[in-house]
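Listed below, chain by chain, are the residues.
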Amino acid sequence: MSRTALILCGLFALSSLRAHAQVYHVYNLGTLGGANSTAWGINSSGVVVGVADTGSTTHAFSYSGGVMTDLGTLGGSTSNARGINDSGISVGTADITGDLTADAFSCSGGVMTDLGGGAANAVGINNAGVIVGNGSFGPATHAFSYSGGVVTDLGTLPGGNYSFANGINGSGVIVGSSNGSSSAMHAFSYSGGTMSDLGTLGGTNSTANSINSLGTIVGNADTATATHAFSYSGGTLTDLGTLGGTNSDALSINSYGVIVGNADTGAGTDAFINSGGSMIDLNTLLDSSGAGWTLLNATAINDYGWIVGYGTFGGNTQAFLLIAPEPATCVSVIIGLVILIEINRRRFE
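Bear in mind that the values here come from a model prediction, so they are computed numbers and not experimental data. (Residues numbered from 1 in each chain as written. Predicted model: local features only at pLDDT ≥ 70, side-chain atom pairs only at ≥ 80, totals over all residues. Heavy atoms only, no water.)

Trainee: Looking at this structure, I do not really get the overall build of the chain. What am I missing?
Mentor: The helix and strand inventory of the chain stands at two helices and 28 strands. A buried classification covers 50% of the 349 residues belonging to the chain. In the chain, once contacts between residues fewer than 6 apart in sequence are set aside, the share between residues at least 24 apart is 38%. Working note: accessible area of the chain is about 15,300 Å², and carbon and sulfur atoms make up 53% of it. (Helix = DSSP H or I, 4+ residues; strand = E, 2+ residues; numbered from the N terminus. Buried < 20%, exposed > 50% of the residue type's maximum accessible area, 1.4 Å probe, protein only. Contact = heavy atoms within 4.5 Å. Areas by Shrake-Rupley, 256 points an atom, 1.4 Å probe, with all protein chains shown as cover.)

Structure below.
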């Protein structure tokens, strides 16, 4: 076999690998002593954040290296972490002392800081440290951004009263939902001080949940009869469909355009992955570690393809982390086997 033939064999192996769906190993992240947990975010280092039962209440957590850490509160009873950046700064919402109200927080080095300024719930943070969420501004709830100690009211779509930010990318483009002159809520993108309406899939409402480094946005939008996950790029809103049921929702997209979320199957709601335009039930992609699991919702995916979310296991809601084998390692093994076969063949020529 020639060197060219070996290269062709390697390329064939690589294309075959890409043509087949990944198989994932599922890790149960556990709890903080109670029964249930939910994962909401993951950074490029694989640090996961979310919320978990302590046995008497629910607290924000971070999870790394097999250890779940209680992030505490702002003096009150409960907290919930929703996002984390690559520097390990997590954000969320927590009750303040006396449980009189809940404020948005950032947490770095184990220290939780109240963002103040009317910010009630932080849901995302980019690598520049810009935080987004929603809070009370006058009589209404508006989306905000927080940077350098300053909370900025993002306003609403023209004529609206309410807005909610759900995500931000590295370029500082923010996405979420807002009403306009009608009561309908529409997905928006916000950049350079301007909030733009992304429209719907022919129905009334929509919301944007996540935006990647290339500016592709995902979320959910009403069709004439249902609510479907969508992706938005180049001014076009694309219906991602479902898993055979009625509704779906896209919650996160990574830099490579891989989307995760949840969708109706016709028998229930399962977590999905969408890569290259094909929506696949994540429950069908698990190895033997998936025994006893039903993955209900995939909430975030990082650029390594690690996925977090929540499902049912042992009768409880449990946070999960999905990791697939490294494709490059698999390809190296395949090419190595081809070379070994060629060497053995020549020995007997």
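Trainee: For this particular structure, what's the right way to read the sheet that holds strand β16 (residues 185-191)?
Mentor: If you walk across this open sheet you meet the four strands as β14-β15-β16-β17, and the pairing is antiparallel. Each of the sheet's edge strands pairs with one partner strand only, and the pair in question is β14 (163-168) and β17 (194-199). The sheet shows a mean angle of 30 degrees between the axes of neighbouring strands, direction not considered. Here strand β15 (residues 174-179) pairs with β16 via six bridges, running antiparallel. Bridging from a neighbouring strand, N179 pairs with M185 of β16. (Pairing = 2+ DSSP bridges. Axes fitted to C-alpha atoms, helices over the stretch in contact; angles between N-to-C directions.)

Trainee: Would you mind showing me how to read the confidence of the model for the chain here?
Mentor: When pLDDT drops low, the exact placement of atoms in the prediction is not to be read closely. Taken residue by residue, the chain gives an average pLDDT of 90. The fraction at 70 or more is 87%. Counting interchain partners and residues more than four positions distant, the pLDDT-below-50 stretch residues 345-349 has two contacts. (pLDDT = per-residue confidence, 0-100.)

Trainee: Is there a simple way to think about the nonpolar core in this case?
Mentor: When a protein is soluble and globular, its nonpolar side chains tend to lie buried together. In this structure, Y24, I273, L282, L295, I307 and L322 are the most contacted members of the largest nonpolar core, which totals 17 residues. Among the secondary structure elements, those contributing two or more residues to this core are β24 (269-275), β26 (293-301) and β28 (316-323). Among all residues touching I307, those that are not within four sequence positions of it are Y24, V260, I273, L282, A298, A300, I301, F320, L321 and L322. Counting residues in hydrophobic clusters, the runner-up holds 14 residues, among them L29, I42, Y63 and M68. (Core = buried A, V, L, I, M, F, W, Y, C linked by side-chain atoms within 4.5 Å.)

Trainee: What's the story with the pairing of β17 in this structure? I'm lost.
Mentor: As a general feature of sheets, a regular strand has side chains that alternate between the two faces. In the sheet, β16 pairs with β17 via five bridges, with the strands oriented antiparallel. Within β17, the residue paired with F188 across the bridge is D197. Between the end of β16 and the start of β17, which pair antiparallel, lie two residues, with G192 showing a positive phi angle near 60 degrees.

Trainee: It is not clear to me how the packing of aromatic side chains should be interpreted in this structure. Could you clarify?
Mentor: By convention here, two paired aromatic rings are described through the distance between centres and the angle between planes. The final tally for this structure, using the stated rule, is three aromatic pairs. The interplanar angle of 85 degrees and the centroid separation of 6.2 Å between the aromatic rings of W293 and F320 together place this pair among those described as edge-to-face. Of this pair, W293 sits in strand β26 while F320 sits in strand β28; the two residues are 27 residues apart in sequence, bridging distant segments of the chain. You can call W293 buried: its relative accessible area is 9%. (Phe/Tyr/Trp six-rings, centres within 6.5 Å; stacked < 30°, edge-to-face > 60°.)

Trainee: Would you mind going over the pairing of strand β7 (residues 90-96) with me for this structure?
Mentor: Of all the seven residues making up β7, seven are buried; the element is thus mostly covered by neighbouring parts of the structure. Across six bridges, the pairing between strand β6 (residues 75-84) and β7 is antiparallel. If you follow S79 over to β7, its bridge partner there is A94. Counting the residues between successive antiparallel strands, the hairpin from β6 to β7 contains five residues, one of them, G88, with a positive phi of roughly 85 degrees. Of the strand pairs in this sheet, β7 and strand β8 (residues 102-108) are connected by six bridges, and their pairing is antiparallel. Paired with D95 across the bridge in β8 is A102.

Trainee: Any chance you could explain the side chain of N262 here in plain terms?
Mentor: If you trace the backbone, N262 turns up in strand β23 (residues 259-264). With relative accessibility at 16%, the residue N262 sits in the buried group. A polar atom in the side chain of N262 sits 3.0 Å from the side chain of N297. Other than its neighbours up to four places away in sequence, N262 contacts S248, D249, L251, T269, D270, A271, F272, L296 and N297. (Polar contact = N/O pair within 3.5 Å; in protein donor to acceptor, adjacent residues only side chain to side chain.)

Trainee: I keep staring at the side chain of D264 and nothing clicks. Help me out?
Mentor: The topology assignment puts D264 in strand β23. Here D264 is buried and forms no salt bridge, its nearest opposite-charge partner R82 lying at an N-O distance of 18 Å. In this structure D264 touches T242, L243, G244, G245, T246, N247 and T269, once residues within four positions along its chain are discounted. (Lys, Arg positive; Asp, Glu negative; His and termini not counted. Salt bridge = Lys/Arg side-chain N within 4 Å of Asp/Glu carboxyl O.)

Trainee: I'm lost on the sheet that holds strand β12 (residues 140-147) in this one. Help?
Mentor: Reading across from one edge, β10-β11-β12-β13 is the order of the four strands in this open sheet, with antiparallel pairing throughout. Of all the strands in the sheet, just β10 (119-125) and β13 (150-153) have a single pairing partner and so form its edges. The mean angle between the axes of side-by-side strands here comes to 30 degrees, regardless of whether they run parallel or antiparallel. Here seven bridges tie strand β11 (residues 131-137) to β12, and the two strands are oriented antiparallel to one another. Note that in β12 the partner of S136 across the bridge is T141.

Trainee: When you look at unusual backbone geometry in this model, what are you seeing that I'm missing?
Mentor: Peptide bonds are mostly trans, and most non-glycine residues show a negative phi. The phi dihedral of D99 is positive, around 55 degrees, even though this residue is not glycine. By the element assignment, D99 lies in the loop between β7 and β8.

Trainee: What is the right way to read the environment of D281 from this model?
Mentor: One can find D281 in strand β25 (residues 278-281). Apart from residues lying up to four places away in sequence, D281 is in contact with L243, T265, D270 and A271. Reaching out from D281, the side chain makes a polar contact with the backbone nitrogen of N283 at a distance of 2.9 Å.

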